Amino acid sequence: MRKTMAIATTPLVSLALPEKGAARLATQLLLAIVGTLLLTLSAKTRVLLGPVDISMQTLAVFLISAAFGMRLGVATLLLYMAEGAIGLPVFQGTPEKGIGIAYMLGSTGGYLFGFVVMAAIVGWAADRGWDRHPVKLFNAILVAEIVMMAMGFAWLALLIGPEKSWQFGVAPFIVGDLIKVGLAASLVPAVWSLLKRS
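All values reported here derive from a predicted model rather than from experimental measurement.

Q: Help me understand the overall build of the protein chain in this model?
A: Tallying secondary structure elements over the protein chain gives 8 helices and 2 strands in all. Listing every helix and strand of the protein chain by position from the N terminus yields α-α-β-β-α-α-α-α-α-α. Relative to a compact globule of 198 residues, whose C-alpha radius of gyration would be 16 Å, the protein chain shows 17 Å and is just as compact. A principal-axis box enclosing the C-alpha atoms of the protein chain has dimensions of 55 × 35 × 25 Å. Expressed as a percentage of the 198 residues in the protein chain, the buried residues total 42%.

Q: How should I be thinking about helix 3 (residues 57–85) in this particular structure?
A: The α-helix winds at 3.6 residues per turn, so residues separated by three or four positions along the chain end up facing the same way. Here helix 3 is 29 residues long, yet its end C-alpha atoms lie only 18 Å apart, well below the 42 Å a rise of 1.5 Å per residue gives. Along helix 3, the sharpest change in direction is near 135 degrees and occurs at G69. Where burial is concerned, most of helix 3 is hidden: 21 out of the 29 residues are buried. Just downstream of helix 3 lies G87, where phi reads positive at about 105 degrees.

Q: Explain the nonpolar core here, please?
A: For soluble globular proteins, nonpolar side chains are generally found buried alongside one another. The biggest cluster of nonpolar side chains holds 42 residues, and the ones touching the most others in it are L77 and I141. Within the residue set of this core, elements represented by two or more residues are helix 2 (22–44), helix 3, helix 4 (100–104), helix 5 (109–127), helix 6 (134–160) and helix 8 (174–197). Ranked by residues supplied to this core, first place goes to helix 3 with 13 residues. Contact partners of I141, with chain neighbours within four places excluded, come to F62, V122, V181, A184 and A185.

Basis of the calculations
Residues numbered from 1 in each chain as written. Predicted model: local features only at pLDDT ≥ 70, side-chain atom pairs only at ≥ 80, totals over all residues. Heavy atoms only, no water. Helix = DSSP H or I, 4+ residues; strand = E, 2+ residues; numbered from the N terminus. Rg over C-alpha atoms; globule rule 2.2 N^0.38 Å. Buried < 20%, exposed > 50% of the residue type's maximum accessible area, 1.4 Å probe, protein only. Expected span 1.5 Å × (residues − 1). Bend = angle between axes of the 7 residues up to and from the residue. Core = buried A, V, L, I, M, F, W, Y, C linked by side-chain atoms within 4.5 Å. Contact = heavy atoms within 4.5 Å.

Here you go:
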């Protein structure tokens, strides 16, 4: 009974992790590295939505956090940030717009650090079984999205003022990000449903 309860409140990744020991740590490290590769690829992947280019990175953060849970999700985002901090070209505008700490403290800095908070919120929800329920997961991801955008807006407002920050850093991305919120909230519960049938 306890094992059933534990499975009902663990994220997707728990199904692939060894129960304990070095094998578990090695698997978690491998997943975190793979996660940072996905984050890098998603940062460089853009989709045209009308006049605005939409990055796939927020969708990747949603999916990784929901699948990995809070601890591994946050650890993956922190590893990704560390890769960027040492100068690896993992961010959307690197190396064209700079690298390392200087880039992280630029116009996208608030959004980057917001990704870590976003991973914590979505991962927390997944750890409590919300990733099985589209509505619950949608609500958690939406809150995470709002927090991330607020952090990005606040940081950008310090650099260019609140009006321009809203105009260039928030408004153009609302529709695209809402689509990604809905997509992530649908995909993860769908995977759980498929697993239950198999």
